[in-house]
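# Close look at the chain arrangement
The residues making up each chain are set out below.
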Amino acid sequence: METVTADERVLSLGLSNAELSQIELVNGIATVPISMIQNLFSPFEYDKEVYKYCQENKLHFMGFGISGDYHVKSGEYSENPLTSHPLIRELAEVYDTSPYAILYNWAAQKRVMVISRSTQLQHMKENLEYRDVYLNPDHIRQIDDLYVPEDRDME
């Protein structure tokens, strides 16, 4: 991967679905430092060690799964557990926006780059509403408290 940065066809390198040990290994041997990590990031689950490492080492963190749709696609749930969560729905009402905007804004305020996936123009527009919302710190903490440690079941 490093060779393609020499002629400036690629400006930066990153890793996806990486564990902390993998990131540290690559950083220890790479001559071109990685600048971005793309990993799962949702209120229910994310690798807190990787997230913290990125914040401390000024690596961009790009999150996928922020909206919770992956839970449905994986067959884990029949309904999206994040957009249907009472807290997220309540905050959407308080801020007069969609549950998606609440979730994307939560991530953005935690300095996570948001990946929004949609093929429908209306959903794309709705997904961008997160930029018009600013969650107060108490609401950020309430969403943070939805985190489910690996040793605890989500339901």
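This section reports on the structure supplied with the text. Remember, predicted model here, so these are calculated numbers, not experimental data.

Turning to the sheet that holds strand E4 (residues 112-114), a few remarks are in order. Reading across from one edge, E1-E2-E3-E4 is the order of the 4 strands in this open sheet, with parallel pairing throughout. The open sheet has two free edges, formed respectively by strand E1 (13-16) and E4, since each of these has just one partner strand. If you compare each strand with its neighbour and ignore which way they point, the axes differ by 30° on average. Judged from the 3 bridges that link them, strand E3 (residues 60-64) and E4 form a sheet pairing that is parallel. Counterpart to phenylalanine 61 in the pairing with E4 is valine 112.

Let's shift gears to the side chain of asparagine 39. Examined against the element boundaries, asparagine 39 turns out to sit in strand E2 (residues 34-40). The class of asparagine 39 is buried, set by a relative accessible area of 5%. Among the polar contacts made by the side chain of asparagine 39, one reaches the main-chain carbonyl oxygen of alanine 18 at a distance of 2.8 Å. Those residues in contact with asparagine 39 that lie beyond four places of it in its chain are Ser16, Asn17, Ala18, Val50, Phe61, Met62, Gly63 and Phe64.

About the thresholds
Residues numbered from 1 in each chain as written. Predicted model: local features only at pLDDT ≥ 70, side-chain atom pairs only at ≥ 80, totals over all residues. Heavy atoms only, no water. Pairing = 2+ DSSP bridges. Helix = DSSP H or I, 4+ residues; strand = E, 2+ residues; numbered from the N terminus. Axes fitted to C-alpha atoms, helices over the stretch in contact; angles between N-to-C directions. Buried < 20%, exposed > 50% of the residue type's maximum accessible area, 1.4 Å probe, protein only. Polar contact = N/O pair within 3.5 Å; in protein donor to acceptor, adjacent residues only side chain to side chain. Contact = heavy atoms within 4.5 Å.

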